[in-house]
Amino acid sequence: MSNLIVKSQVEEVLAFLESSVHRIESYLNQTTIDKLVKEKKGDQAYYEGLLSNIRRLLVYCEEGLDACLVVVQNEPFLKGAAEKTLYKVYHQCIEEFFSPRYDLWYEDSRSAYTGKNAIKFRQEPPASIMKLMQEVEGEFHTIREELEYYETDFRTKMIQSKN
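Residues numbered from 1 in each chain as written. Predicted model: local features only at pLDDT ≥ 70, side-chain atom pairs only at ≥ 80, totals over all residues. Heavy atoms only, no water.

1. Considerations on the nonpolar core
What tends to happen in soluble globular proteins is that the nonpolar side chains get buried as a cluster. The cut-off we apply is this: Grouping buried Ala, Val, Leu, Ile, Met, Phe, Trp, Tyr and Cys residues that are joined through side-chain atoms within 4.5 Å yields what is termed a nonpolar core. Think of it in three bands: residues with accessible area under 20% of the maximum for their type are buried, residues over 50% are exposed, and the middle band is partly exposed, with areas taken using a 1.4 Å probe on protein chains only. Numbering goes from the N terminus for both helices and strands, where a helix is a DSSP run of H or I of at least four residues and a strand is a run of E of at least two. The contact criterion used is simple: two residues touch if any of their non-hydrogen atoms lie within 4.5 Å.
If you look at the biggest cluster of nonpolar residues, it comprises 46 residues, and the most contacted ones within it are Leu17 and Phe140. For this core, the secondary structure elements donating two or more residues are α1 (3-30), α2 (33-39), α3 (44-73), α4 (79-98), β2 (119-121) and α6 (127-162). Among residues more than four places away in sequence, those in contact with leucine 17 are Cys61, Gly64, Leu65, Cys68, Val89 and Cys93.

This is the structure:
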C-alpha cells in the first residue's frame, strides 16, 4: 500500500479513537457501581466486571490514540511504524471490544444476518451500559473491517522476517 493510503487510514483511525475515547471516558466519569445498582438491580460483581472491561478498553484506545498522533505528526511519514500502529489498534482496541478479557459480553456472529447489535451480554446490564455499547459498536465494526488487512499482513511480515 502507498504511504498516502496508509496515512489516510491512520488519520481515520485517529478520528475513530478520539470519538471512542471521548464517549467512553465521559461515561466512566459519570458512572459508579452504586449508580448502576440503582439503575438496575443486579449482580454487583458482574457490574464491577463490566466497568473493569470498559476501563481496560479505554486504556487501549487512549494508547492507540497517542500512537496514531505520533505517527501522523512524524516527518517524514514512516509507513512501517504506521502499519505497526494500525496492527496494534486492531489487536488491542478492536479485539478487546468484541472479545473482552473477562468474557462478560461477546459478539454474536449471526448479527450480521439479522441486522441487530452484535454485542450480547452474559447477564442483562443496566441500560446505560447497553446504550454506550450500542453507540460505539457501529464505529468499531467499521474500523475492524478497515484494519483486518493489517492484522493478517503484519503477522505475515513478522513470520517472513523470522525466516
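2. Here we look at α1
Here is the rule we go by: By this rule, a helix spans an expected 1.5 Å times one less than how many residues it contains.
Taking 1.5 Å of rise per residue, the 28 residues of α1 would be expected to cover 40 Å, and the 40 Å separating its terminal C-alpha atoms lies within 8% of that figure. All of the buried residues in α1 are Val6, Gln9, Val10, Val13, Leu14, Phe16, Leu17, Ser20, Val21, Ile24, Tyr27 and Leu28.

3. A few points about α4
For clarity, the cut-off: Throughout, bend refers to the angle between the axes fitted to the seven residues that end at a position and the seven residues that start at it.
Its 20 residues give α4 an end-to-end C-alpha distance of 27 Å, which sits within 8% of 28 Å, the value for a rise of 1.5 Å per residue. The principal kink in α4, of about 25°, is found at tyrosine 90. Looking only at α4, the buried set comprises Ala82, Glu83, Thr85, Leu86, Tyr87, Val89, Tyr90, Cys93, Ile94, Glu96, Phe97 and Phe98.

4. A word on the side chain of threonine 31
Going by this rule: Under the rule applied, a polar contact is a pair of N or O atoms within 3.5 Å (in protein, one hydrogen donor and one hydrogen acceptor; residues adjacent in sequence only if both atoms are side-chain atoms).
For threonine 31, the position within the fold is in the loop between α1 and α2. In this structure the side chain of threonine 31 is engaged in a polar contact, spanning 2.6 Å, whose partner is the backbone oxygen of tyrosine 27. Dropping the residues within four chain positions of it, threonine 31 is found in contact with Leu36 and Leu51.

5. What about the packing of aromatic side chains?
Here is the rule we go by: Paired rings are identified among Phe, Tyr and Trp, the last through its six-membered ring, by centres lying within 6.5 Å, and are further divided according to the angle between planes into stacked (under 30 degrees), edge-to-face (over 60) and tilted (the rest).
Under the definition given, this model contains five aromatic pairs. Relative to phenylalanine 140, the ring of phenylalanine 16 lies with its centre 4.9 Å away and its plane at 85°, an arrangement referred to as edge-to-face. Here phenylalanine 16, found in helix α1, pairs with phenylalanine 140, found in helix α6; they are 124 residues apart in sequence, far enough to count as distant. In terms of burial, phenylalanine 16 and phenylalanine 140 fall into one category: buried. Relative to phenylalanine 140, the ring of phenylalanine 97 lies with its centre 4.2 Å away and its plane at 10°, an arrangement referred to as stacked. Here phenylalanine 97 is found in helix α4, whereas its partner phenylalanine 140 is found in helix α6, with 43 residues between them in sequence. Overall, the relative accessible area of 0% leaves phenylalanine 97 in the buried class.

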